[in-house]
Amino acid sequence: IFRKNTLQSGVFRGKALTEVDISEFNSFLETWGVEYITSWSSVAKNFFQKYPEFYSKEWNDDEWAIFKYTYAKPQNLRFLENRGEGGLKNLDYFLKILELKDVEKQDTVILKTNYFPEWHAFYREKEIPVFDYEGQLAVKAPFDGKGTIILKYPKHYFFTFLIFLSFFAAILIEKKNE
């Protein structure tokens, strides 16, 4: 599901980095709010070093290097209509608070996180729709002006219990076979 957003072993979106258009790659970084890139691949490290106007090497050792995208926009939100302000507080993996101001009702607010249909959004305890905007999680502001939207991802306790139960059963079976 997130494969198109992966940089791995010097390959981005199915093409070797040496064949990737630099403006396309930088646009991707800006869309997702990427500021730092960690790489071990010599192809990727050479790619980033080839463009010092865009990437600065922040750290490296014999295998790894960390590059900083010079024009990074690390905000975790963007506003499709280019109006409004806001902030996203990550309380944990399952709960986020989206505080908005200066928005108009039905303005699209895009969170720089992967869309997944399990997310639910609430305004004044009433559920509002979340949707996929080019792979990112998005909501429509249900108010004019200032307000707070709560985003929740359900905790699946039953499945977590089954995973732990399976893990412990495997340990018991392994010990029995020793």
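Within each chain, residues carry numbers counting from 1 in the order of the written sequence. pLDDT decides what is reported in this predicted model: residues at 70 or higher carry local features, side-chain atom pairs at 80 or more are listed and counted, and totals for whole chains, interfaces and linings draw on all residues regardless. Note that water and hydrogens are dropped before the side-chain values are worked out from all heavy atoms of the structure.

> Explanation requested: the sheet that holds strand β11 (residues 120–123) in the structure shown.
Backbone-to-backbone hydrogen bonds pair the strands of a sheet. The strands run either parallel or antiparallel. Taking strand neighbours across the sheet as the criterion, the 5 strands line up as β8-β9-β15-β11-β12 in an open arrangement whose pairing is antiparallel. Each of the sheet's edge strands pairs with one partner strand only, and the pair in question is β8 (85–92) and β12 (126–128). Between one strand and the next, the sheet's axes are offset by a mean angle of 30°, whatever the strand orientation. One requirement defines pairing of two strands: DSSP has to find at least two bridges between them. Put simply, DSSP marks the helices as runs of H or I at least four residues long and the strands as runs of E at least two long, and each gets a number from the N terminus on. Sheet analysis places β11 next to strand β15 (residues 145–152), joined by 3 bridges and oriented antiparallel. Bridge pairing in β15 places histidine 120 opposite lysine 152. Between N-to-C directions, angles span 0 to 180 degrees; the directions come from axes that are lines fitted to C-alpha atoms, helices contributing only their stretch in contact.

> Help me out: how do you make sense of the side chain of lysine 112 in this one?
If you trace the backbone, lysine 112 turns up in strand β10 (residues 108–114). Burial here depends on accessible area, computed with a 1.4 Å probe over protein chains only, as a share of the maximum for the residue type. Under 20% is buried, over 50% is exposed, and the range in between is partly exposed. Positive residues here are Lys and Arg, negative ones are Asp and Glu, while His and the chain termini are left out of the count. Criterion for a salt bridge: a side-chain nitrogen of Lys or Arg within 4 Å of a carboxyl oxygen of Asp or Glu. Glutamate 30 provides the closest opposite charge to the buried, unpaired lysine 112, separated from it by 8.3 Å.

> I tried to follow the nonpolar core on my own but got confused; where do I start?
In globular proteins that are soluble, nonpolar side chains generally tend to be buried together. Note on terminology: a nonpolar core comprises buried Ala, Val, Leu, Ile, Met, Phe, Trp, Tyr and Cys residues joined through side-chain atoms within 4.5 Å. If you look at the biggest cluster of nonpolar residues, it comprises 20 residues, and the most contacted ones within it are Leu77, Leu98, Leu100, Val130, Val139, Ile149 and Leu151. Among the elements of the structure, β7 (77–79), β9 (95–103), β10, β11, β14 (136–140) and β15 are those that each provide at least two residues to this core. With 3 residues, β9 is the single largest residue contributor to this core. We call two residues in contact whenever any of their non-hydrogen atoms come within 4.5 Å of each other. Setting aside chain neighbours within four positions, we find leucine 77 in contact with Gly86, Gly87, Leu88, Leu98, Leu100, Val109, Ile110, Leu111 and Lys112. Of all hydrophobic cores here, the second largest spans 17 residues; its members include Val20, Phe47, Ala65 and Phe67.

> Would you mind showing me how to read the sheet that holds β7 here?
On the basis of which strands lie adjacent, the open sheet formed by 4 strands has the order β7-β10-β14-β13 and antiparallel pairing. Both edges of this open sheet fall to β7 and β13 (130–133), since each of them pairs with a single strand only. For this sheet, the mean angle separating the axes of adjacent strands, direction not counted, is 35°. Packing of helix α1 (residues 22–32) onto the sheet brings it into contact with β7, β10 and β14, and relative to β10 it is tilted by some 105°.

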